[in-house]
Amino acid sequence: QVQLVESGGGLVQAGGSLRLSCAASGRRTYAMGWFRQGPGKEREIVAAINSSGKSTHYADSVKGRFTISRDNAKNTMYLQMNSLKPEDTAVYYCAAALAYDVRYSSREYTYWGQGTQVTVSS
């Protein structure tokens with residue numbers, strides 16, 4: 001069993017930055033990802049990373065603004081979010097997949113955190 005705990009969400013003005021963290025415990029995890037679900041929207045992938053951290057994937061909407069990374073020694077994954085926009089407002093979830101390579105679909109992820117709210121004001 002894997003437990004995932006997100007932190008770092010909050011309220012920020014447009015153009016600001018936040019860094020989300022996802023601490024993993026329990027069985028060793030492999031590929032991980034960040035998802036988000038805005039008001040009235042479906043859950044969507046934001047970024048994903050493979051087990052080593054050398055391969056990443058980003059949604060087009062966040063490319064050039066967000067950076068996903070991981071520190072396997074600390075069992076922690078990060079999402080650095082810069083140049084935030086009001087449309088980035090959502091609950092952000094971290095997820096873990098029992099796989100080595102990057103995973104793109106929420107259906108491929110087995111374990112989920114409880115989510116952390118990110119609100120960007122205009």
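Calculation notes
Residues numbered from 1 in each chain as written. Predicted model: local features only at pLDDT ≥ 70, side-chain atom pairs only at ≥ 80, totals over all residues. Heavy atoms only, no water. Helix = DSSP H or I, 4+ residues; strand = E, 2+ residues; numbered from the N terminus. Buried < 20%, exposed > 50% of the residue type's maximum accessible area, 1.4 Å probe, protein only. Contact = heavy atoms within 4.5 Å. Areas by Shrake-Rupley, 256 points an atom, 1.4 Å probe, with all protein chains shown as cover. Core = buried A, V, L, I, M, F, W, Y, C linked by side-chain atoms within 4.5 Å. Pairing = 2+ DSSP bridges. Salt bridge = Lys/Arg side-chain N within 4 Å of Asp/Glu carboxyl O.

Q: What exactly am I supposed to notice about the overall build of the protein chain here?
A: Broken down by element type, the protein chain carries zero helices and eleven strands. For the protein chain, the α and β elements follow one another from N to C terminus as β-β-β-β-β-β-β-β-β-β-β. With the C-alpha coordinates of the protein chain rotated into their principal frame, the extents come out at 40 × 25 × 25 Å. Within the protein chain, the fraction of its 122 residues that count as buried is 48%. Counted over contacts in the protein chain with a minimum sequence separation of 6, partners at least 24 positions apart contribute 58%. Of the roughly 6300 Å² that the protein chain leaves accessible, carbon and sulfur atoms contribute 44%.

Q: Which parts of the structure should I look at to understand the nonpolar core?
A: Note on soluble globular proteins: their nonpolar side chains tend to be buried together. If you look at the biggest cluster of nonpolar residues, it comprises 28 residues, and the most contacted ones within it are Leu4, Trp34, Leu79, Met81 and Tyr92. Of all elements in the fold, only strand 1 (2-7), strand 3 (18-26), strand 4 (32-37), strand 5 (44-49), strand 7 (66-71), strand 8 (76-81), strand 9 (90-96) and strand 11 (116-121) reach the threshold of two or more residues within this core.

Q: I keep staring at the pairing of strand 9 and nothing clicks. Help me out?
A: Residues in a regular strand point their side chains to alternate faces of the sheet. The element strand 9 is extensively covered by neighbouring structure, given that six of its seven residues are classed as buried. Bridge analysis of strand 4 against strand 9 gives six bridges, and the strand direction is antiparallel. Residue pairing for strand 9: Met32 is matched across the bridge by Ala96. For strand 9 and strand 11, the ladder comprises three bridges, and the chain directions are antiparallel. Looking across to strand 11, one finds that Ala90 is bridged to Val118. Where strand 9 meets strand 10 (residues 111-112), two bridges bridge the pair, whose relative direction is antiparallel. Residue pairing across strands places Ala96 opposite Tyr111, the latter belonging to strand 10.

Q: Would you mind going over the pattern of salt bridges with me for this structure?
A: When the charged atoms of two side chains with opposite charge come close together, those side chains can pair. What the rule picks out here adds up to five salt bridges. In this structure, the salt-bridge partner of Asp88 is Arg65, at a minimum N-O distance of 2.8 Å. Highlighted residues: Asp88 in the loop between strand 8 and strand 9 and Arg65 in the loop between strand 6 (56-58) and strand 7, separated in sequence by 23 residues. Here Asp88 falls in the buried class, since its relative accessible area comes to 1%. On the accessibility criterion, Arg65 (10% relative accessible area) is buried. For Arg103, the salt bridge is made with Glu108, and the minimal N-O distance between the two is 3.5 Å. Looking at Glu108, the relative accessible area reads 34%, which means it is partly exposed. Overlapping salt bridges, with partners in common, bring together Arg36, Glu44, Arg65 and Asp88 in one network.

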